[in-house]
Structure formats: structure tokens, C-alpha cells
Amino acid sequence: KTDNSAILPISVNSHLSVMSIGFLLGDRDVPVIWRGPLKMKACKQFLEDVQWGTLDYLIIDLPPGTGDEPLSIAQLIPDSDGAVIVTTPQDVALLSVRKSIVFAKKLNFPVIGIIENMSGFICPHCGNEVNIFGSGGGMKASKDFNVPFLGRIPLDAGIVKSGDEGKPFVSNQENNTGKAFMKIADSINRIVTEGGVKKSQH
């Protein structure tokens, strides 16, 4: 903490800072077993007490589903630009995603779009792509609910390696996966800067 009790986020690089409840735990193996009110308090504290500085975007990574965390964020930031829904292609994952979209719409919370993650596997040896979990589920959900489809991100061993090293994979723009990340980021930026998703559409 700083002298004024503000919490300092972890600086990844000059363009990215991160805060997680995991940084505040004394033992990395200790689970966080909290009911709704404590989750709400933690979300509020990370919004109010973390010294974020001047930001282009504040991105909040939430667990899947329609639980306390997304409800808390929707209530704490009612004028947010909106939610980005991330899914994997298989039907069992899409069941939860479809509920998340309806959840957002019922709260009058704009859905910026859908990303299909783990969409195909890029073989590191031959470069061929295999659709291990299927493909196209994110696109179908976007059409069913009339929300933008932002793009596909394939399984890539480089993402795992970068994550374990604490380095943003998106900085690698030389391969197709890195280009997919950048294309999705550009789409989100364009939607938000051009006026965002109209709440009246939901």
C-alpha cells in the first residue's frame, strides 16, 4: 500500500497493470471461501482503493456464469462500456454463455461481443489446425442474440508459456494467434470508441 492506504497494482509493463485477490493471500494454496457480501466488498475495494492512475481501459476478468461477481460489477459500474463474453466452442460451454448474455440484457448491461476461445488447435510441428472442441458455437450464439462476434482464438502452446512467464502473449504479433488477439482488441476498441453498444438493442 501507499502512504494514503491506496493499493498499488502490479505493473506488467508500461501499458499494463494488474490486481488480483491472489496477490493478497499469504499462501497460494489457500482458497478464497467467501459469500456474496464479501465478494461485493472486494470488488468495490478493487475499484475504489487501487491506485490505477489514468487508464484507457479497466478490464475486469470475471468467473463464468451469473453469480455474485458479475452482478456486483454491473451494480457498481452501471455506466460501463459493457461486457465481453468469452466462450469455448462446445455446446456445454455455450449453455452457460447464453445464460450470461440473457443475464446482461436483463440488467440492461451492454454486450460488446463474443469471443470464441480454444477454437482450434495449432500444431506446433506442422502448423495445421484441428478443431478439438468443435467450431462455430460462438458465431451461432452471436447470431441468436444479435450481438457482435469479435473473433476466434485458437489453442496455442505459446499462450501457456507466456502465461506461466507472466508475459502478455498479445505482444507476440508475428503468428496467427497473436494477430487474432490484436484483431479482437481492435474490434472492441472500435465498438467502444464509436459509441459502444446501444442499450436499446438489449
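For the structure itself, consult the block above.
> A description of the nonpolar core should follow, citing residues and the corresponding values.
Membership of the largest hydrophobic core comes to 13 residues, with the highest contact counts inside it found for Ile 85, Ile 101, Phe 109, Val 111 and Ile 114. Top element by residues in this core is helix H3 (residues 91–106). It accounts for four residues. One finds Ile 115, Ile 188, Ile 191 and Val 192 within the second-largest nonpolar core, a separate group that totals eight residues.

> Residues and numbers for unusual backbone geometry, please.
With a phi angle near 55 degrees, Met 118 is a residue other than glycine that sits in the positive phi range. Unusually for a residue other than glycine, Asn 146 sits at a positive phi of about 55 degrees. Along the chain, Asn 146 turns up in the loop between helix H4 (137–145) and strand S6 (149–155). A relative accessible area of 62% means that Asn 146 is categorised as exposed.

> Talk me through helix H5 (residues 157–165); I want residue IDs and the actual numbers.
Near the N-terminus of H5, the side chain that reaches the backbone nitrogen of Gly 158, with its oxygen 2.8 Å away, is that of Asp 156. Gly 166 lies just past H5 and shows a positive phi near 75 degrees.

> So, the pattern of salt bridges: which residues are in play, and what are the values?
Side chains that differ in charge, positive against negative, can pair when their charged atoms come close. For the structure shown, the criterion picks out seven salt bridges. Put simply, Arg 98 and Asp 144 hold a salt bridge, and the shortest N to O gap is 2.9 Å. A residue pair is termed long-range when its members are at least 10 positions apart, and Arg 98 in helix H3 and Asp 144 in helix H4 qualify at 46 residues. The exposure class assigned to Arg 98 is partly exposed, which follows from its relative accessible area of 29%. For the salt bridge of Lys 140 with Asp 144, the shortest nitrogen-to-oxygen distance reads 3.0 Å. Of the two residues, Lys 140 and Asp 144 both sit in helix H4, four residues apart, roughly one turn of that helix. According to the relative accessible area criterion, Lys 140 is exposed, its value standing at 52%.

Analysis parameters
- Counting restarts for each chain, with residues numbered from 1 along the sequence as it is written.
- Local features are withheld for residues below a pLDDT of 70 in this predicted model, meaning they are given only at 70 or higher, and side-chain atom pairs are given and counted only at 80 or more; totals for whole chains, interfaces and linings count all residues.
- For the side-chain quantities, the full set of heavy atoms in the structure was used; hydrogens and water were omitted.
- The definition of a nonpolar core used throughout is a set of buried Ala, Val, Leu, Ile, Met, Phe, Trp, Tyr and Cys residues joined through side-chain atoms within 4.5 Å.
- Partly exposed describes any residue whose relative accessible area lies between the buried limit of under 20% and the exposed limit of over 50%, with all areas from a 1.4 Å probe on protein chains only and scaled to the type maximum.
- Only runs of H or I of at least four residues qualify as helices and only runs of E of at least two qualify as strands under DSSP, and these elements are numbered from the N terminus.
- Polar contacts, as counted here, are pairs of nitrogen or oxygen atoms within 3.5 Å of one another; within protein the pair requires one atom able to donate a hydrogen and one able to accept it, and residues that are adjacent in sequence qualify only if both atoms are side-chain atoms.
- The salt bridge criterion pairs a side-chain nitrogen of Lys or Arg with a carboxyl oxygen of Asp or Glu, the two atoms within 4 Å.

Functional significance is not addressed by these values, which are geometric in nature.
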